[in-house]
Amino acid sequence: MKNRTGQWWDEGKFGLFIHWGLYSLLGGEYKGKRTDNIAEWIMHDLDIPMEEYHKLAASFNPTSFDADSIVRLAKQAGMKYVVLTSKHHEGFALYHSKVSPYNSFDATPYKKDVVQQLRKACDKHGLVFGLYYSQAQDWDDPNACRDGYSEEGRDFSSYFTKKCIPQITELLTEYGPIGLLWLDTPLYMTEKQSKTLKAHIKSLQPDCLISGRIGHGLGDYMTTGDNFIPALAYDRPFEVPATINSTWGYNKFDTNWKSTAKILRSLVKVVSRGGNYLLNIGPRGDGSVPEESITILENVGSFMEKNGQSIYGTKALPLYPYDIDWGYFTAKKGKLFIHIFEDKEDAYLLNIANKPLRCYRLSDGLPLTLKERTTCEGDSSWLIKLPPREEGEIDQVICVEIEGDVSFEPITG
Ligand code: H79
């Protein structure tokens, strides 16, 4: 089956994931015990009883939360869509749900609808708004799925019809167009249940995309494993969800921030293989965003501002016959972008079949010399003289204008 994605998703390539919930208040620690795992799993991993965990809602008063500044940050980073955890596995909803009072409006002193605030901010700044919803796991409902626990004694269909479907109905009927519903961990949902859910979502919002994790291959695109990048181009649209440190939800002990260089490499790699990159931030319990993630996103933004054309609207390339260790290609009709991640004097490439028409540095159009030659073995080659790198430049992007789509020649020898 050919997957169907929206033009905004296909061309946008880069989105912001936001993991935020009651777990954010704990920051990876509960009653002096730390979790070794991803912080949004703390209730599960430290076996915090439901009634105890509920008490967290009473201290959810995130006065530093500012939807507008988060969406501006995403926009500045060059992201085209935002996906917020409207309800993660913990079961607490970040909107005013009539289905369950365990939400940011009814159960907290904050008394606000977070989904609504982000919706407005996305509209204001022209970003597509998407929602994560944990459709199978809900640790607040003994009938829902729970990783590591058996299915026995659970009446999943009761949770499914009484909480999951009605909450998804609320999200898709009360907040305007939702670009994407990011479902996760289908666990023991049957194919029939996944199909019912898909039909329900499409009946309410036919244009709402569904992530691969609806289960049973029913998503509108494939979702890779968390932080996993396919080794090659993939024959379906796909998205890579990625953390910016080692956790999704805020963990005050996690200082394992990825470097901007690492993030840019991942973005370019994913895009060159035809995918989208959904990069996460985990705001603190008070709503503030860790400064390190702000800096990383700002740095990525400076790259995107000058070089966005090498990302947006690009398509997966055919497989280049050589493993080049200094960079990656991205491409669209008429343009091949060479992303150079090392300080080099020139870029030497073999077996590109296209005729080069023009070669320049993408950030400012600086013309560059490209020499074409057939090697002694009979392969075509390009030798591009590179300009000196700018201060702090991570990825120097060279654009070579070509006719049509890029294609590679087989190796002659
Ligand atoms: O929302 C993020 C994660 O919480 C969610 N997907 C991303 C986008 C996710 N759900 N499940 N998983 C990821 C797999 C989780 C596995 C683990 Fe564990 C959780 C490893 C450690 C904690 C469960 C508990 C398996 C081993 C211990």
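See above for the structure.
Values in this document were obtained by computation on a predicted structure and should not be read as measured data. (Residues numbered from 1 in each chain as written. Predicted model: local features only at pLDDT ≥ 70, side-chain atom pairs only at ≥ 80, totals over all residues. Heavy atoms only, no water.)

**Things to note about the overall build of the protein chain**
Line of reasoning, step 1. In terms of regular secondary structure, the protein chain is built from 10 helices and 17 strands.
Line of reasoning, step 2. Overall, the C-alpha framework of the protein chain stretches about 75 × 45 × 40 Å when taken along its three principal axes.
Line of reasoning, step 3. Within the protein chain, contacts between residues at least 6 apart in sequence are counted, and of these 70% link residues at least 24 apart.
Line of reasoning, step 4. Here the protein chain has roughly 17300 Å² of accessible surface; of this, 51% comes from carbon and sulfur atoms.
Line of reasoning, step 5. Of the side-chain charges in the protein chain, 47 are positive and 55 negative, and the distance between the mean point of each set is 3 Å. (Helix = DSSP H or I, 4+ residues; strand = E, 2+ residues; numbered from the N terminus. Contact = heavy atoms within 4.5 Å. Areas by Shrake-Rupley, 256 points an atom, 1.4 Å probe, with all protein chains shown as cover. Lys, Arg positive; Asp, Glu negative; His and termini not counted. Charge placed at Lys NZ, Arg CZ, Asp CG, Glu CD.)

**Thoughts on the packing of aromatic side chains**
Line of reasoning, step 1. One pass over the full model with this rule turns up 22 aromatic pairs.
Line of reasoning, step 2. Judged by centre distance (6.1 Å) and plane angle (75°), the ring pair of Tyr234 and Phe238 falls under edge-to-face.
Line of reasoning, step 3. By relative accessible area, Phe238 is classed as buried at 0%.
Line of reasoning, step 4. Here a set of aromatic residues connected by ring pairs shows up, and it is made of Trp20, Phe60, Phe65, Phe92, Tyr102 and Tyr110.
Line of reasoning, step 5. Across from the ring centre of Phe253, 3.6 Å away, lies the NZ or CZ of Arg34, which sits over that ring. (Phe/Tyr/Trp six-rings, centres within 6.5 Å; stacked < 30°, edge-to-face > 60°. Buried < 20%, exposed > 50% of the residue type's maximum accessible area, 1.4 Å probe, protein only. Lys NZ or Arg CZ within 6 Å of the ring centre and 35° of its normal.)

**Quick look at the sheet that holds strand β8 (residues 222–223)**
Line of reasoning, step 1. Judged by pairing direction, the sheet is parallel, and its eight strands sit side by side in the order β7-β6-β5-β4-β1-β10-β9-β8 without closing on themselves. Bordering the open sheet on either side are β7 (209–210) and β8, each of which pairs with just one other strand.
Line of reasoning, step 2. Note that strand β6 (residues 180–183) and β7 share two bridges and pair parallel. For Leu180, the partnering residue across the bridge sits in β7 and is Leu209.
Line of reasoning, step 3. The strands touched by helix α7 (residues 156–173) within the sheet are β4 (81–87), β5 (128–133) and β6, with β5 carrying the most contacts at an inclination of about 170°. (Pairing = 2+ DSSP bridges. Axes fitted to C-alpha atoms, helices over the stretch in contact; angles between N-to-C directions.)

**Some words on the site of the ligand**
Line of reasoning, step 1. Close to the ligand lie 17 residues; His19, Glu40, Trp41, His88 and Asp184 are nearest.
Line of reasoning, step 2. Asp226 is positioned with one of its side-chain polar atoms (N or O) 3.1 Å from a nitrogen atom of the ligand. (Near = heavy atom within 4 Å. Polar contact = N/O pair within 3.5 Å; in protein donor to acceptor, adjacent residues only side chain to side chain.)

**Notes on the environment of Tyr348**
Line of reasoning, step 1. With respect to the element layout, Tyr348 can be found in strand β13 (residues 346–350).
Line of reasoning, step 2. Apart from residues lying up to four places away in sequence, Tyr348 is in contact with Trp326, Thr375, Ser381, Trp382 and Leu383.

**Some remarks on the packing of α7 against helix α8 (residues 191–204)**
Line of reasoning, step 1. Orientation of α7 relative to α8, taken along the N-to-C sense of each, is 20°, at an axis distance of 10 Å. It follows from the interaxial angle that α7 and α8 lie roughly parallel. At the point where α7 passes α8, the crossing takes the right-handed sense. For the pair formed by α7 and α8, the contact residues are Phe156, Ser157, Phe160, Cys164, Ile165, Ile168, Thr169, Leu172 and Thr173 on the first element and Gln193, Thr196, Leu197, His200, Ile201 and Leu204 on the second.
Line of reasoning, step 2. Its residues placed into classes, the contact of α7 with α8 shows nine nonpolar, six polar and no charged. (Parallel < 35°, antiparallel > 145°, perpendicular 65-115°, else oblique. Left-handed = near helix turned anticlockwise from the far one by under 90°. Nonpolar A, V, L, I, M, F, W, Y, C, P; charged D, E, K, R; others polar.)

**As for a negative patch on the surface**
Line of reasoning, step 1. Where like charges cluster on the molecular surface, the negative patch consists of Asp323, Asp325, Glu342, Asp343, Glu345 and Asp346.
Line of reasoning, step 2. Tracing the sequence through the fold places Glu345 in the loop between β12 (335–340) and β13. (Patch = residues over 30% accessible without salt bridge, like charges linked within 9 Å, V, L, I, M, F, W, Y side chains within 5 Å. Salt bridge = Lys/Arg side-chain N within 4 Å of Asp/Glu carboxyl O.)

**A few points about the environment of Asp138**
Line of reasoning, step 1. Turning to its location among the elements, Asp138 is positioned in the loop between β5 and α7.
Line of reasoning, step 2. Distance in space between the C-alpha atoms of Asp138 and Leu357 is 56 Å, their sequence separation being 219 residues.
Line of reasoning, step 3. If sequence neighbours within four positions are ignored, Asp138 has contacts with Lys87, His89, Glu90, Gly91, Ala144, Cys145, Tyr159 and Lys163.
Line of reasoning, step 4. Within the structure, Asp138 has its side chain in polar contact with the backbone nitrogen of Asp140 (distance 3.0 Å).

**Structural notes on the sheet that holds β13**
Line of reasoning, step 1. Across the sheet, which stays open at both edges, the three strands sit in the order β13-β16-β15 with antiparallel pairing between neighbours. Edge positions in the open sheet fall to β13 and β15 (370–374), since each of these has one partner strand only. Adjacent strand axes in the sheet meet at a mean angle of 15° when their direction is disregarded.

**Some remarks on the pairing of strand β16 (residues 380–385)**
Line of reasoning, step 1. For β13 and β16, the ladder comprises five bridges, and the chain directions are antiparallel. Note that in β16 the partner of Leu350 across the bridge is Ser381.
Line of reasoning, step 2. As defined by bridge partners, β15 adjoins β16 across five bridges and the pair is classed as antiparallel. The partner of Arg373 across the bridge, within β16, is Ser381.
Line of reasoning, step 3. Taking the residues between adjacent antiparallel strands as the criterion, β15 and β16 are bridged by five residues, where Gly378 takes a positive phi near 100°.

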